[in-house]
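Commentary on secondary and tertiary structure
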Amino acid sequence: MAEFRFDIKPLFPLEIIKVTSNLLPHTFRGDRRQCLDATSKMSEVIDRLGQLSAVSQGLNKPVTTAQRLRMSENQTIYLLSDTSYGANGVVMGLLKVGTKDLYLFDEQGRTRKVEQTPSILDFYIHESRQRGGLGKHLFEYMLTDQNWTPVKCSIDRPSEKLLNFFKKHYGLVRTIPQANNFVLYEGFFDEEASMG
Ligand code: ACO
């Protein structure tokens, strides 16, 4: 698990916290000095988890870094912690999501521009805790928080593990072929179709 030289508890008053471009936990309250301290520690947490995710997926550079989150306009990272582990607690997982304007093929092969498409951008649970339900726990928290449903999500370059995850937990298997790196499942366009 990801351990740090500092105590993570002040950053994680809740098991799951979310972070946007200000690099602060959504729960953060504090003065300027505390803010600088929290941002610098949070950057370290995000960089470490982003690095572990990249290694786990066999990527040569991370999809997620604190610097990229700082520059983003509509991305959110959810971080899952276990503050009772060891002296400083540990961070066990990361889920980065955002919205993207994408050109997508629908089920009939027509091109559609879909604005603000919900997108799963990076997802990682520490190796020592995979396949124990933590991924589902973190993902469900995100779905509720964003008010998204799995079939309406686009997934950026999913790994085999993530494709299995969608199959197991949400029964999603059949994809709509795309020209880009995003995977969509059948049903993605259903609401628009029924509205004519
Ligand atoms: N092999 C095949 N399927 C797997 C594996 C694996 N090693 N690990 C998880 N899964 C799938 C299976 O469907 C599994 O169910 P099963 O054990 O009954 O076969 C299910 O996920 C388990 O669900 P959870 O326990 O809730 O998921 P977990 O805590 O393992 O988190 C995650 C899922 C995030 C994909 C995790 O396995 C992981 O970090 N994998 C490595 C990194 C990765 O591939 N991330 C996705 C990259 S793509 C992207 O982010 C857009």
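Note: the structure precedes this text.
Report on the accompanying structure. (Residues numbered from 1 in each chain as written. Predicted model: local features only at pLDDT ≥ 70, side-chain atom pairs only at ≥ 80, totals over all residues. Heavy atoms only, no water.)

A look at the sheet that holds strand 2 (residues 75–82)
Reading across the sheet, the seven strands line up as 1-2-3-4-5-7-6 and stay open at both edges, with mixed pairing between neighbours. In this open sheet, the two strands that pair with only one neighbour each are strand 1 (16–19) and strand 6 (175–176). The pairing of strand 6 with strand 7 (residues 182–185) spans two bridges and is classified as antiparallel. Counted as the bridge partner of Thr175 is Tyr185 from strand 7. (Pairing = 2+ DSSP bridges. Helix = DSSP H or I, 4+ residues; strand = E, 2+ residues; numbered from the N terminus.)

A word on the environment of Pro13
Within the secondary structure, Pro13 sits in the segment before strand 1. Residue classification places Pro13 among the exposed positions, given a relative accessible area of 53%. Along the primary structure Pro13 and Phe28 are separated by 15 residues, whereas in three dimensions their C-alpha atoms are 9.1 Å apart. (Buried < 20%, exposed > 50% of the residue type's maximum accessible area, 1.4 Å probe, protein only.)

Side note on the site of the ligand
Lining the immediate surroundings of the ligand are 26 residues, of which Phe123, Arg131, Gly133, Ser159 and Lys168 lie closest. Between the ligand and the protein, one listed contact pairs an oxygen atom with a backbone N or O atom of Gly132 at 3.1 Å. Measuring from an oxygen atom of the ligand, one finds a backbone N or O atom of Gly133 at 2.7 Å. Within the complex, 87% of the 960 Å² of free accessible area of the ligand lies under protein. Most atoms of the ligand, that is more than half of them, are within 2 Å of grid points of the largest pocket. Only helix 1 (32–57), strand 4 (111–125), helix 3 (134–146), strand 5 (154–156) and helix 4 (160–170) provide two or more residues apiece to the shell around the ligand. Of the residues contributing to the shell around the ligand, the split by class is ten nonpolar, nine polar and seven charged. (Near = heavy atom within 4 Å. Polar contact = N/O pair within 3.5 Å; in protein donor to acceptor, adjacent residues only side chain to side chain. Areas by Shrake-Rupley, 256 points an atom, 1.4 Å probe, with all protein chains shown as cover. 1 Å grid on protein atoms, 1.4 Å probe; cavity = no way out; pocket = protein on both sides within 12 Å on 5 of 7 lines; lining within 4 Å. Sits in = over half its atoms within 2 Å of the grid points. Nonpolar A, V, L, I, M, F, W, Y, C, P; charged D, E, K, R; others polar.)

Considering the layout of surface pockets
By volume, the largest pocket amounts to about 1000 Å³. Forming the boundary of the largest pocket are 34 residues, of which Phe123, Ser159, Lys161, Leu162 and Phe165 lie nearest the centre. Listing elements by their share of the lining of the largest pocket, those giving two or more residues are helix 1, strand 3 (90–105), strand 4, helix 3, strand 5 and helix 4. Of the residues assigned to the lining of the largest pocket, the class counts are 13 nonpolar, ten polar and eleven charged. Of the pockets and cavities examined, the second largest pocket occupies roughly 200 Å³. Lining the second largest pocket are Asp7, Pro10, Leu11, Pro13, Pro25, Thr27, Phe28, Arg29, Gln34, Asp37, Ala38 and Lys41. Among the residues forming the lining of the second largest pocket, the class breakdown is six nonpolar, two polar and four charged. (Points joined across faces, edges and corners; volume = space filled by probe spheres on them.)

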